[in-house]
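Descriptive structure summary
The lines below spell out each chain.
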Amino acid sequence: MSQALWSSIDGYFNDALMGSDPELGAALERARAASLDAGLPDIAVAANQGRLLSLLVLAMGARNVLEIGTLGGYSAICLARALPAGGRLVTLEADAKHAAVARANIVASKPACEVEVVEGAALLTVPGVIATSPEAFDLVFIDADKQNIPAYVEHAIGATRSGGVIVVDNVVRDGRVLEESDDPSVAGVRRLVEMLRGDRRVQAAALQTVGEKGHDGFLVAVVR
Ligand code: SAH
Ligand code: DHB
Ligand code: MG
């Protein structure tokens, strides 16, 4: 199996299943192009992964969503566009330039819900965001610095309603997750896995993915 084949297969399905929403597709492409023009790294979720985030919000009837790691706002737009008026997305971003690009992209996407981009290192901002949230979160998407994944998941478990969902991006990294490496991003995922071993607060599964963004994966946890 090769990258070219994975990308072609993503293209085949995306063309059929996401072509039905050209307005959103155009908005997301504008957001991606603006992010790349501003020199942001090309590490947003893939188009079909963004669609999966939208579908999760829709399927759950989520109203209150937290994202950690905004970049240029691509996944935030996917989450926000599935939320109803009166719903709320809070997304946390450490880099001021990324936050500025994201704010512009999110405003241009005209979401029905309220969206707040909170600037600052998430470990410092997340306690205040949780304390001031009017409701428990339905869904938390964790996609920032990987060494702090266990701490983010710990916060998320405390702030998510019973039956709520936590999604962690990039848990496979081309298979590097199996290496006992010094790479802090791999170590962060491995510490999360050890934290969740036998943890009765959540039920979790990790899904490997291949596609236009290579070989990676999500960890999905439901809070009891
Ligand atoms: N979720 C985005 C991609 C996020 S990339 C999407 O799919 O569109 C990871 C982002 O996390 C980067 O923008 C990076 O600046 C941010 N980040 C890194 N360390 C962080 C920290 N400590 N707190 C908050 N954000 C952080
Ligand atoms: C990186 C970060 C991500 O969130 C991602 O989806 C892919 C790559 C990175 O830091 O390299
Ligand atoms: Mg990611």
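Residues numbered from 1 in each chain as written. Chains lettered and ligands numbered in written order. Predicted model: local features only at pLDDT ≥ 70, side-chain atom pairs only at ≥ 80, totals over all residues. Heavy atoms only, no water.

**Looking at the confidence of the model for the protein**
Model confidence for the protein is summarised by a mean pLDDT of 96, while 100% of its residues fall at 70 or above. Per-residue pLDDT, averaged within each element of the protein, yields its smallest value for helix α2 (residues 22-37) (91) and its largest for strand β1 (residues 64-68) (99). (pLDDT = per-residue confidence, 0-100. Helix = DSSP H or I, 4+ residues; strand = E, 2+ residues; numbered from the N terminus.)

**Regarding the site of ligand 1**
With respect to spatial proximity, 21 residues lie near ligand 1, and among them Gly69, Ser75, Glu93, His98 and Ala122 are the closest. Taking Gly69, its main chain carries an N or O atom lying 2.8 Å from a nitrogen atom of ligand 1. Between ligand 1 and Glu93, the relevant distance is 2.6 Å, taken from an oxygen atom to a side-chain nitrogen or oxygen of the residue. For ligand 1, whose accessible area on its own is 580 Å², the fraction buried by protein is 87%. Split by residue class, the shell around ligand 1 holds eleven nonpolar, five polar and five charged. (Near = heavy atom within 4 Å. Polar contact = N/O pair within 3.5 Å; in protein donor to acceptor, adjacent residues only side chain to side chain. Areas by Shrake-Rupley, 256 points an atom, 1.4 Å probe, with all protein chains shown as cover. Nonpolar A, V, L, I, M, F, W, Y, C, P; charged D, E, K, R; others polar.)

**So, the coordination of the magnesium ion (ligand 3)**
In this structure, Asp143 (OD), Asp169 (OD) and Asn170 (OD1) serve as the protein donors to the magnesium ion (ligand 3), at separations of 2.0 to 2.1 Å. Along the chain, the residues donating to the magnesium ion (ligand 3) fall in the pattern D-x25-D-N. No difference in accessibility class separates Asp169 from Asn170, as the two residues are buried. (Donors = N, O, S within 2.8 Å, 3.2 Å for Na, K, Ca; no water. Buried < 20%, exposed > 50% of the residue type's maximum accessible area, 1.4 Å probe, protein only.)

**Quick word on the nonpolar core**
Of all hydrophobic cores here, the largest spans 33 residues; its most connected members are Val57, Val65 and Leu79. If you list the elements that add at least two residues to this core, you get α2, α3 (47-60), α4 (74-80), α5 (96-108), β4 (137-142) and β5 (160-169). For this core, the element with the most residues is α4, which contributes six residues. Contact partners of Val57, with chain neighbours within four places excluded, come to Ala62, Val65, Leu79, Ala82, Leu83 and Leu139. Core analysis: the second largest hydrophobic core is formed by 29 residues, Phe137, Ile166, Val168 and Val172 among them. (Core = buried A, V, L, I, M, F, W, Y, C linked by side-chain atoms within 4.5 Å. Contact = heavy atoms within 4.5 Å.)

**Remarks on the packing of aromatic side chains**
Under the criterion given, the structure shown has one aromatic pair. Both rings, one in Tyr12 and one in Phe13, keep their centres 5.0 Å apart while their planes meet at 65°; by these two values the pair is edge-to-face. Judged by relative accessible area, which is 59%, Tyr12 ranks as exposed. Note on Phe13: relative accessible area 43%, which makes it partly exposed. Taking the ring centre of Tyr74 as reference, the NZ or CZ of Arg32 above it sits at 4.2 Å. (Phe/Tyr/Trp six-rings, centres within 6.5 Å; stacked < 30°, edge-to-face > 60°. Lys NZ or Arg CZ within 6 Å of the ring centre and 35° of its normal.)

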